[in-house]
Structures are given as C-alpha cells and as structure tokens.
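# Coordinate analysis (summary)
Residue strings, one per chain:
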Amino acid sequence: MAAEIGAETHDAVFILTGEKDKVLKQLGDLRLEIARRMELIQPGVFRPLWVLDFPLLEWDDEAQRFFAMHHLFTSPYRGYGADAFNQQRRFKTSSRRSI
C-alpha cells in the first residue's frame, strides 16, 4: 500500500473512514494536535487569514437541524433560493463588513 500512495521511509499514513464532514474534522483536529506536540505553533504569534467561500451552516444529524459554523456577520450567497434549506445541507457564505 505504501508504494501505491507514494509513502516513503518516515512518512505517516492516516486512514480514516466515515462521513466526509466528520473525517475532515478529525483530520483537522489531528493536524493541530501533531503541530502542538511538535511545537510548530508559536505561542503569542498572530497570523491572520482571510477566508472566502467558507461554509455558513452545518447539519447536525443528532439534533436534525442546522448550526452556524462561523460568526454572525455572514449570509448565504444571493444565488440561493428560498427553498435552499430544503434542498441542501451545505451553504457557502458572503461576508458582510460595515464601517
């Protein structure tokens, strides 16, 4: 398997299965934990990042409802129709900034 995916000596290979959103969250948490243990995150260093097109809401299977994934100063893209909540479970956002 290592040859098939191009893994070499000292590479780490992680295999996760499950629902895509949950697996991506687990991989993100794993990435942060490895960075903390390897002291790759410098305390007190602020490196801002402007994210575009991030998800606005996420569906919670247990609660059977949407939850906000980010801050309140965003809204769905204008292209989403009134029935979008019945058709989709992921929405991209359009950030709003007022001065």
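Residues numbered from 1 in each chain as written. Predicted model: local features only at pLDDT ≥ 70, side-chain atom pairs only at ≥ 80, totals over all residues. Heavy atoms only, no water.

### Some points on the overall build of the protein chain
The cut-off we apply is this: Per the convention used, a helix needs a DSSP run of H or I reaching at least four residues, while a strand needs a run of E reaching at least two, with both numbered from the N terminus. Partly exposed residues are those whose accessible area sits between 20% and 50% of the maximum for their type, while under 20% is buried and over 50% is exposed, using a 1.4 Å probe and protein chains only. Here a residue-residue contact requires only that any non-hydrogen atoms of the pair lie within 4.5 Å.
The secondary structure content of the protein chain amounts to 3 helices and 4 strands. When the elements of the protein chain are put in sequence order from the N terminus, they spell out α-α-β-β-β-α-β. Within the span of the protein chain, comprising 99 residues, buried residues form 13% of the whole. For the protein chain, restricting intrachain contacts to residue pairs at least 6 apart in sequence, the fraction spanning at least 24 positions comes to 27%.

### Overview of unusual backbone geometry
Look at H10: it is not a glycine, yet its phi comes out positive at around 75°. Structurally, the position occupied by H10 is in the loop between α1 (2-5) and α2 (20-37). The phi torsion at Q64 lies on the positive side, around 55°, for a residue other than glycine. One can find Q64 in the loop between β1 (57-60) and β2 (65-68).

### Structural notes on the packing of aromatic side chains
To keep it simple, the criterion reads: Ring pairs are drawn from Phe, Tyr and Trp, using the six-membered ring of Trp, whenever the two centres fall within 6.5 Å, and their geometry is named by plane angle: stacked under 30 degrees, edge-to-face over 60, tilted for the rest. Cation placement over rings: the criterion is NZ of Lys or CZ of Arg within 6 Å of the ring centroid and within 35° of the ring normal.
Summed over the entire model, instances satisfying the criterion amount to 1 aromatic pair. Ring centres of W59 and F66 lie 5.0 Å apart, and the angle between their planes is 75°; on these two criteria the pair is classed as edge-to-face. The side chain of R65 reaches across the aromatic face of F67, ending 3.8 Å from its centre.

### Here we look at a nonpolar patch on the surface
Heads up, the rule is: Patches in this entry comprise residues that are over 30% relatively accessible and not in a salt bridge; like charges within 9 Å are linked, as are nonpolar side chains (Val, Leu, Ile, Met, Phe, Trp, Tyr) within 5 Å. Here the accessible surface of atoms and residues is derived via Shrake-Rupley with a 1.4 Å probe, and residues count as covered only by protein chains that are part of the display. Each salt bridge in this description consists of a side-chain nitrogen of Lys or Arg and a carboxyl oxygen of Asp or Glu lying within 4 Å of one another.
Taken together, the side chains of F14, L24, L27, I34, M38 and L40 make up a nonpolar region of the molecular surface, amounting to roughly 580 Å² of accessible area. Relative to the elements of secondary structure, I34 occurs in helix α2.

### As for the pairing of β2
Each regular strand carries side chains that alternate between the two faces of the sheet. Our working rule: For two strands to be treated as a pair, DSSP must find at least two bridges joining them.
Relative to β2, β1 runs antiparallel, the two sharing 4 bridges. Of the residues in β2, the one forming a bridge with L57 is A68. Hairpin connection between β1 and β2: a loop of 4 residues separates the two successive antiparallel strands, and Q64 in this loop has a positive phi of roughly 55°.

### Things to note about the pattern of salt bridges
Tallying each qualifying case throughout the model produces 4 salt bridges. Three or more residues are tied together by salt bridges with common partners; here these are E33, R36 and R37.

### Things to note about the confidence of the model for the protein chain
Note the following rule: A residue's pLDDT is the confidence the predictor assigns to it, expressed on a 0 to 100 scale.
Looking at the protein chain as a whole, the pLDDT averages 77, with 66% of positions reaching at least 70. Mean pLDDT values over the elements of the protein chain span from 55, in strand β4 (residues 93-95), up to 92, in α2.

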